[in-house]
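Structural overview
So you can see what is in the structure, the chains are spelled out below.
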Amino acid sequence: MGVYIMTESAKQALSILRDPSQFKLYVVPIFAIIGYAYSKEIGKKNWNAVLAGLAFWGMDWFNEIWNSLVFHLTQYAPVWGAPGDTAFLLLIGLNIEITFMFAIAGLGFALALPEDKKTKILGIPNRIFIAISGSIFCVFIECLLNLANVLTWEYPWWGTSAPWLIFLIGYLSFFLVSFWVYDMESIKKKLITVGTIFGVDIIGLIVFGGILGWI
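First, a word on what this report is: a plain description of the structure on this page. Since the structure is predicted, the reported quantities are computational estimates derived from the model, not experimental observations.

1. Describing the side chain of D60
Within the element layout of this structure, D60 appears in helix α3 (residues 47-74). Comment: no salt bridge for buried D60; closest opposite-charge side chain is R18, at 13 Å. With near-sequence residues (within four places) excluded, D60 lies in contact with L94, F102 and F174.

Here it is in structure tokens:
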């Protein structure tokens, strides 16, 4: 039990956590669009982009698991919460709309990469430039979502007063891992890396969610 009183935003998120009555039909066409985007690249055998996109998505799941554990251990609030209107709240800080966004965003950013990793943009290696600029853009979007009370921040060290943590932990790591996977020399290495990311995620969900019921 934590030393703080649970925040109202956390209570609100808990009240709709994995509540099937929240389901909305627009989830189906969004899922179809994501499936189409990935299947199109699979049809082209563009494994670099497909696996980089999945790595980006898997990294977000890892973040969402530890964020949920923060709430369980403190009983105060997650680092970020998603108490707003949603078609389905998967974890306390992750709704189905957000996870779909990360799934398609990872693929989109991978498709934007120049084939030659040595190409520079404004004198900066393109992978680094896109990772930094993409992370800054994502932090900006998060700030807008926070202003709309769709995404809540309850800790002073995570928010507009400390955006560098959101930049570094929340996004830059996603981009760097995703682009690292993209540039790996063999499909085998890519598959092992992406498989490891999702393996850790699945184990975390099973242990902390299914067995212990913490998240």
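2. Points about the side chain of S178
Summarising the element assignment, S178 is placed in helix α6 (residues 163-182). Only 2.8 Å separates the side chain of S178 from the backbone oxygen of A52, close enough to count as a polar contact. Non-local contacts of S178, meaning those with residues more than four positions away in its chain, are made with A52, G53, A55 and F56.

3. Some points on the packing of helix α2 (residues 27-43) against α3
At a closest axis distance of 8 Å, the pairing of α2 and α3 adopts a crossing angle of 145 degrees. In this structure, α2 contributes Y38, E41 and I42 to the contact, and α3 contributes W47, V50, G53 and L54. For the contact of α2 with α3, the class distribution of residues is five nonpolar, one polar and one charged.

4. Some words on a nonpolar patch on the surface
Taken together, the side chains of F137, F140, I141, L144, L145, L147 and V150 present a nonpolar region at the surface, about 640 Å² in accessible area. Residue position: L147 is located in helix α5 (residues 126-147).

5. Quick look at the state of the cysteines
Counted under the stated rule, the structure contains zero disulfides. With no disulfide of its own, C138 lies closest to C143 among cysteine sulfurs, the gap being 11 Å.

6. Side note on the pattern of salt bridges
Under the counting rule described, the total for this entry stands at four salt bridges. For K11, the salt bridge is made with E8, and the minimal N-O distance between the two is 3.5 Å. Taken together, the positions of K11 and E8, both in helix α1 (residues 8-16) and three residues apart, correspond to about one turn of that helix. A relative accessible area of 59% places E8 in the exposed class. For D183, the salt bridge goes to R127, with nearest N and O atoms at 2.7 Å. In this pair, D183 sits in the loop between α6 and α7 (187-211) while R127 sits in helix α5, placing the two residues 56 residues apart along the sequence. The class of R127 is buried, set by a relative accessible area of 9%.

What counts and what doesn't
- Residues numbered from 1 in each chain as written.
- Predicted model: local features only at pLDDT ≥ 70, side-chain atom pairs only at ≥ 80, totals over all residues.
- Heavy atoms only, no water.
- Helix = DSSP H or I, 4+ residues; strand = E, 2+ residues; numbered from the N terminus.
- Buried < 20%, exposed > 50% of the residue type's maximum accessible area, 1.4 Å probe, protein only.
- Lys, Arg positive; Asp, Glu negative; His and termini not counted.
- Salt bridge = Lys/Arg side-chain N within 4 Å of Asp/Glu carboxyl O.
- Contact = heavy atoms within 4.5 Å.
- Polar contact = N/O pair within 3.5 Å; in protein donor to acceptor, adjacent residues only side chain to side chain.
- Axes fitted to C-alpha atoms, helices over the stretch in contact; angles between N-to-C directions.
- Nonpolar A, V, L, I, M, F, W, Y, C, P; charged D, E, K, R; others polar.
- Patch = residues over 30% accessible without salt bridge, like charges linked within 9 Å, V, L, I, M, F, W, Y side chains within 5 Å.
- Areas by Shrake-Rupley, 256 points an atom, 1.4 Å probe, with all protein chains shown as cover.
- Disulfide = S-S within 2.5 Å.

Honestly, that's just the spatial picture; any functional story needs more than this.
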